[in-house]
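# Structural overview
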Amino acid sequence: MNKSVRTRMAPSPTGEMHVGSLSIILKNYAFAKKHGGTFILRIEDTDKVREVEGAKDRLMDVIHKFGLDWDEGPIKGGPHGPYVQSERLPIYTKFAKQLVDEDKAYYCFCSKERLESVKAAAIANKVPPKYDRHCRSLSQEEVAAKLAEGSEYVIRLKVPDNQEIKFNDLIRGDIVINSDIIDDQVLLKSDGFPTYHLAVVIDDHDMEITHIMRGEEWLSSTPKHILLYEAFGWEKPVFAHIPIYLNPDGQGKMSKRKGDVSAQSYLDKGYLPEALLNFFMILGWTPEDQRDIVTLEEYIQEFDPKDISKKSVAFDLKKLAWLNGVYIRALYEKDHAELIKRLTPFLPTDFPQEKLGVILPLVYERLERLTDMEELTSFFYQDIEQDKELLLKKADVELVKKQLTEVEEALMSGEWSLSHLEESLRGIQERNNYQKSQFFMMVRVAVTGKKATPPLFETMEVMGKDLVLARLKQARQIVSA
Ligand code: GLU
């Protein structure tokens, strides 16, 4: 590649960052880094009606939360700024007028009412609604007179008739479309703002973008962009349209109706950003050796947009949970303090902080999300209710009462240590020849309220004598009641 690679992401501040968008940022970022290039962030805020307050800052914030960053863009600046479209309006006007001067675009003065009736007529005739080019044939004098009167106008592209529009997509190959299906696009709106099509082409050219990787929902816009590149006589970038994610159940495009879609919501649910990045990497792309665990550095080396699957893939939450568990366990081994720091915001307010150091080793292997911590540990510090039926599983009331009393008595004396706990409980079970699974499950349910917990003796040791004895007593009352 002789030109330095420049990629970009161009989010609109109309909502929160979608997981699909974050995954596309990752691809653009990695591809730029792989080639020693530049990754640019541009904010496309030309649709003032749909803009959401604060969204721009949150979009930027969440990129940083994932440990990614742009080389040029808002805050940072760069040689092609400003990087926020609403600050670039004079540029778009200049280029739109240039196209008018070159007879590649034209002023359109049609009223809303007229446009609506043209559309209604098309729908009634069952033809795709397109502008009827009413103003395309206005003479220069007519245009000058309307402008002098101060009539409202938009600028439209003169789309050529029956021309093949061709481009290559890195993922989908050659694409050919006939220009007859394309409307005479509005380029500049009556409020002086550009449309997405005009602004995106001007900015990608001005910012010297070499590769455009974006969601496949933009594929149908690309022929319009190609026409604009041709009208301006500009070199086209390489395009790659990335398949969108399907809902976790594999049905339909991932949508809010079926679950969370914002990148932030996954952080809020206790997924580690690095695990999510790894998940985005392997959704629709597989490294040559098929492994699942891929670091950012490895991805930068190995990722090639050509190898992205053409097919949409499901946002497989089971796989995500598994991956997250792998990353949590790795972080526990590598940097204990860091895991504690990340867990802290997810702990319930009544969590006994001073015990985190002893509780964590017991449960970290079962954490799939940082939010699982409460569910896995609440019995250490919150009141529990034991289920009578569970306590009495495979035994009758008299037997369980006897067993509970024996355990209470054995634990009342002696030091509170792992070996004492183990010896006492094993001793009772062996001496009385109690069925192992019944006895230990009953004790587990009695002290924790749960069928599945970390190893029983270690758990009891951490819980402490007072709590364990109180729970045994509580269980005895429940079975007797
Ligand atoms: N502003 C568009 C968006 O919000 C950018 C599309 C593109 O990448 O060209 O996704």
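Keep in mind the model is a prediction, meaning the values are calculated, not measured. (Residues numbered from 1 in each chain as written. Predicted model: local features only at pLDDT ≥ 70, side-chain atom pairs only at ≥ 80, totals over all residues. Heavy atoms only, no water.)

### Here we look at helix α11 (residues 317-334)
- Between its terminal C-alpha atoms α11 stretches 25 Å, which fits the 26 Å expected from 18 residues at 1.5 Å a residue.
- Those residues of α11 that fall on the buried side of the exposure criterion are L320, A321, L323, N324, G325, Y327, I328, L331 and Y332.
- Buried residues along α11 sit in contact with α8 (263-268), α9 (273-282), α12 (336-343) and α13 (356-363).
- You can read the cap of α11 off the contacts: a side-chain oxygen lies 3.1 Å from the backbone nitrogen of K318, and it is on D316. (Helix = DSSP H or I, 4+ residues; strand = E, 2+ residues; numbered from the N terminus. Expected span 1.5 Å × (residues − 1). Buried < 20%, exposed > 50% of the residue type's maximum accessible area, 1.4 Å probe, protein only. Contact = heavy atoms within 4.5 Å. Polar contact = N/O pair within 3.5 Å; in protein donor to acceptor, adjacent residues only side chain to side chain.)

### Structural notes on the environment of V19
- Considering the arrangement of structural elements, one finds V19 in helix α1 (residues 19-34).
- V19 sits in the buried class, given a relative accessible area of 1%.
- The spacing of V19 and D203 is 184 residues in sequence and 24 Å in space, taken between C-alpha atoms.
- Each residue touching V19, except ones within four places of it in the same chain, is listed here: Y245, M254, V261, S262, A263, Y266, F280 and F315.

### Re the site of the ligand
- The ligand sits among R8, A10, S12, E44, Y196, V200, R214 and W218.
- Between R8 and the ligand, the recorded distance is 2.5 Å, taken from a side-chain N or O atom to an oxygen atom.
- For the ligand, a nitrogen atom lies 2.8 Å from a polar atom in the backbone of A10.
- Burial of the ligand by the protein chains amounts to 85% of its free accessible area of 300 Å².
- Here the shell around the ligand is composed, by residue class, of 4 nonpolar, 1 polar and 3 charged. (Near = heavy atom within 4 Å. Areas by Shrake-Rupley, 256 points an atom, 1.4 Å probe, with all protein chains shown as cover. Nonpolar A, V, L, I, M, F, W, Y, C, P; charged D, E, K, R; others polar.)

### Description of the environment of L227
- By the element assignment, L227 lies in helix α7 (residues 222-232).
- Each C-alpha atom, one on L227 and one on K166, is 9.7 Å from the other, the two residues being 61 residues apart in sequence.
- Those residues in contact with L227 that sit more than four places away from it in its chain are L157, V159, P160, Q163, I165 and I182.

### Side note on helix α17 (residues 418-431)
- For α17, built from 14 residues, the straight-helix expectation of 20 Å at 1.5 Å per residue is met to within 8% by its first-to-last C-alpha distance of 20 Å.
- Taken residue by residue, α17 has H420, L421, S424, L425, G427, I428 and Q429 as its buried positions.
- Tucked inside the fold, the buried residues of α17 contact α16 (397-412), α18 (436-448) and α19 (456-463).
- Once α17 finishes, N433 follows within two positions and takes phi at roughly 55°, a positive value.

### As for unusual backbone geometry
- For the bond from G81 to P82, the omega torsion is -5°, close enough to zero to count as cis.
- Position of P82 among the secondary structure elements: in the loop between α2 (55-65) and α3 (89-101).
- Positive phi values are uncommon outside glycine, yet E208 reaches one of about 55°.
- Among the structural elements, E208 can be located in the loop between α6 (196-206) and β8 (211-215).
- A positive phi angle, near 60°, is found at K394, a position not held by glycine.

### Description of the packing of aromatic side chains
- Summed over the entire model, instances satisfying the criterion amount to 25 aromatic pairs.
- Judged by centre distance (6.2 Å) and plane angle (20°), the ring pair of Y107 and F109 falls under stacked.
- Here F109 falls in the buried class, since its relative accessible area comes to 13%.
- Each member of the aromatic cluster is reached from another via a ring pair, and the members are F66, Y245, Y266, Y271, F279, F280 and F315.
- Sitting above the plane of the Y266 ring, K269 keeps its charged end 4.5 Å from the centroid. (Phe/Tyr/Trp six-rings, centres within 6.5 Å; stacked < 30°, edge-to-face > 60°. Lys NZ or Arg CZ within 6 Å of the ring centre and 35° of its normal.)

### Points about the pairing of strand β6 (residues 173-178)
- Two strands pair when backbone bridges link them, and strand β5 (residues 164-169) and β6 are joined in this way by 6 bridges, in the antiparallel orientation. When the sheet's bridge partners are listed, I165 is paired in β6 with I177.
- Where β5 folds back on β6, the antiparallel hairpin that results is connected by 3 residues. (Pairing = 2+ DSSP bridges.)

### Things to note about the nonpolar core
- Within the largest apolar cluster, 103 residues are counted, with the highest numbers of intra-cluster contacts made by F66, F280, F315 and L360.
- Looking at this core element by element, the count peaks at 9 residues for α1.
- Counting residues in each nonpolar core, the second largest holds 39 residues, with F95, F167, I175 and L188 among its members. (Core = buried A, V, L, I, M, F, W, Y, C linked by side-chain atoms within 4.5 Å.)

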